[in-house]
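# A closer look at the structure
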Protein chains: 2
Amino acid sequence: MKGQPITAGIPEPYEAISDTYDRLAVWACEHWGESPRYKMAAFLEKVWSDHPAPVHSVLEVCCGTGLMLEQLVRRGYAVSGLDRSGPMLARARTRLGSDVPLVRSELPEIPGDQQYDAVICAAAALNYMPDEQTLQRTFEAVARTVRPGGSFVFDILAHRMVADRFGTSVWADDLGDLAFIWKFQNHPGQSHTDLDYTQFLRDGDGPDTYTVVRETHRLFALDRETVRELARRAGFTDIAVYDNYSFEPADGATDYETWTLTRGQATDPPR
Amino acid sequence: MKGQPITAGIPEPYEAISDTYDRLAVWACEHWGESPRYKMAAFLEKVWSDHPAPVHSVLEVCCGTGLMLEQLVRRGYAVSGLDRSGPMLARARTRLGSDVPLVRSELPEIPGDQQYDAVICAAAALNYMPDEQTLQRTFEAVARTVRPGGSFVFDILAHRMVADRFGTSVWADDLGDLAFIWKFQNHPGQSHTDLDYTQFLRDGDGPDTYTVVRETHRLFALDRETVRELARRAGFTDIAVYDNYSFEPADGATDYETWTLTRGQATDPPR
């Protein structure tokens, strides 16, 4: 995403870890309490089945390696994907085959003028937005991309998760051929946390030789009321916030917020 | 130490990490609250200055790379060291020069019949003792090695530290050329915790290539009253337990126990 820190010698987020992302995603579910993709997909299906018009076509922005799209393909949806990272999209292409439209683009840009019954954005991608303006423009781009009355579902880390809970903690694991360290660097008085990621992946050369890659991910804390107001301004209605892909309303103890919105019928969103 | 688990392909504790032990020791002080060696040495000097007979000769059992002995040499003591690990002793030799007697031996064996004014055992080495019998025999060996009226000081991790606090936590850091992961595996209902250590050390071959080593350290929880009784039976008197190299008495919140003892004058310890 735009606004990520440029650190000498450290690749863009998700460039280096595209090879291991799927394993990290499983690990994040087990250790961080993220929802697995099948739970996300079941939630989406329930949301969409409650909509007045049926949902068939779905665009996922920030689709990564296509874990979510794969779940939706299995459920019969006509999916498309968008992501900033070429290596991540290459993984998605391998996973999904040649028929699924995949576009490389960086939010808030969503190229083309096609409209979908639903747009989704999962796995805290919007926490990478560096400022309100970029988030506002992203909401507007999504509003143009989803048909009037269509559905938009996204998840974000709760404000307290980014600002407080991560603190300066360290998460690490040694899985044998893959080992990694996540260091969370909270900046007091600032609204973001940097995740310094170090990964060791075993080489083909020998059992004891590993190659390192490092990335920094900068996550921004998003205030619930601000997000709601920006979504409203972009033309979304029926805005609800749930706890981590359940239908329990989000509250002060929520770590993962799942947002469901409907694009209003009345007017075109701002361009 | 005896009783360490033999795991295929995993070296004995301290064999693999002798090269990095000194840096890990600094890290443990910063992140785990262990006392730095200079604080330990200042504590020892105070304990010894309160003894009726002056302390000049000191044996450290489990001396490792000689960090503690170095502090004592600087303060003018005549030091000797004993350790089980050849690689660790090789580091100590480099640090201390050729004049300091260093012996390779595994507790409870302390070879020779020399006696010292004081014996020390630092950095939780006694938590590696697999059972009461080995600890008892170690105390007896130390009692034979310290002169009547001489001083014995050791530290151990408090019972709750091993049994509860470590839990299944993970500690890790990426220091650039060195990265490591400590995984604590607590075994419910058992009196020990396994520390699975994974280390990546940068090769000379390239900036991104690292060599892995892994070790498992099995730490046993030691009950304060049991330790006190075993020390008494070995002939020690004036037994006191302090909080982490301070002169505050240990209490229920103590993580690191520092024990000070005096070898009784009356009788020879059991052999």
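A short tour of the structure in this document, coming up. Computed from a predicted model, the values in this text were never measured in an experiment.

Mapping chain B onto chain A leaves a residual RMSD of 0.0 Å; the transformation is a rotation of 180° accompanied by 0.0 Å of translation along its axis. The relationship between the two copies is best expressed as a two-fold rotation axis. Identified as the residue of chain B closest to the rotation axis by C-alpha distance is Tyr210(B), at 2.6 Å. Comparing interface residues between copies, 100% of those in chain B also sit at the interface in chain A, which points to an isologous, same-surface contact.

A few words on the sheet that holds strand β8 (residues 192–202) of chain A. Across the sheet, which stays open at both edges, the eight strands sit in the order β6(A)-β7(A)-β8(A)-β9(A)-β9(B)-β8(B)-β7(B)-β6(B) with antiparallel pairing between neighbours. A strand with exactly one partner marks an edge of an open sheet, and here the two such strands are β6 (170–174) of chain A together with β6 (170–174) of chain B. Recorded for the sheet is a direction-independent mean angle of 20° between the axes of neighbouring strands. Of the strand pairs in this sheet, strand β7 (residues 178–186) of chain B and strand β8 (residues 192–202) of chain B are connected by nine bridges, and their pairing is antiparallel. Counterpart to Phe184(B) in the pairing with β8(B) is Leu195(B). Strands in contact with helix α1 (residues 21–32) of chain A are β6, β7 (178–186) and β8 of chain A; relative to β7(A), the strand with the most contacts, it is inclined by about 60°.

Residues and elements named next belong to chain A. Look at the link from Leu-107 to Pro-108: it is a cis peptide, with omega at 10°. Of note, Tyr-245 is a non-glycine position whose phi angle comes to about 60°, a positive value. Of note, Tyr-245 is situated in the loop between β10 (236–243) and β11 (256–263). Accessibility expressed as a relative area gives 7% for Tyr-245, which makes it buried.

Residue and element names in this part refer to chain B. The seven strands are arranged β3-β2-β1-β4-β5-β11-β10 in an open sheet whose pairing can be described as mixed. Sheet topology places β3 (102–104) and β10 (236–243) at the edges, where each strand pairs with a single neighbour. Across the sheet, the axes of successive neighbouring strands diverge by a mean angle of 15°, strand direction being ignored. Note: β10 against strand β11 (residues 256–263), six bridges, orientation antiparallel. Following the sheet pairing, Asp-243 is matched in β11 by Glu-257. Where helix α3 (residues 67–74) meets the sheet, its contacts fall on β1 (57–61), β2 (78–83), β3 and β4 (116–121), and the angle it forms with β2 comes to roughly 175°.

If you look at the interface, chain B gives 19 residues, while chain A gives 19 residues. Considering only the side of chain B, the residues that lose the most area to chain A are Asp174(B), Phe200(B) and Tyr210(B), jointly responsible for 30% of the buried surface there. At the junction of chain B with chain A, the criterion picks out four salt bridges. In this structure, the salt-bridge partner of Lys183(A) is Asp173(B), at a minimum N-O distance of 2.6 Å. For the interface between chain B and chain A, the tally reads 13 residue pairs in polar contact (both at pLDDT 80 or more). Elements that contribute at least two residues to the side of chain B that touches chain A include exactly β6, β7, β8 and β9 (209–220) of chain B. Here the side of chain B that touches chain A takes five residues from β9(B), the largest share from any one element. Taken together, the residues that form the side of chain B that touches chain A break down as nine nonpolar, four polar and six charged.

Moving on to the state of the cysteines. Counted according to the given criterion, the structure contains zero disulfides over all chains. Cys121(A) forms no disulfide, and the closest cysteine sulfur to it belongs to Cys62(A), at a distance of 4.2 Å. Free of any disulfide, Cys63(B) has its nearest cysteine sulfur in Cys62(B), 8.1 Å distant.

Definitions and limits used
Residues numbered from 1 in each chain as written. Chains lettered and ligands numbered in written order. Predicted model: local features only at pLDDT ≥ 70, side-chain atom pairs only at ≥ 80, totals over all residues. Heavy atoms only, no water. Least-squares fit on C-alpha atoms with pLDDT ≥ 70 in both. Contact = heavy atoms within 4.5 Å. Pairing = 2+ DSSP bridges. Helix = DSSP H or I, 4+ residues; strand = E, 2+ residues; numbered from the N terminus. Axes fitted to C-alpha atoms, helices over the stretch in contact; angles between N-to-C directions. Buried < 20%, exposed > 50% of the residue type's maximum accessible area, 1.4 Å probe, protein only. Buried area = accessible area lost by both parts, 1.4 Å probe. Salt bridge = Lys/Arg side-chain N within 4 Å of Asp/Glu carboxyl O. Polar contact = N/O pair within 3.5 Å; in protein donor to acceptor, adjacent residues only side chain to side chain. Nonpolar A, V, L, I, M, F, W, Y, C, P; charged D, E, K, R; others polar. Disulfide = S-S within 2.5 Å.

So yeah, pure geometry; function would need other evidence.
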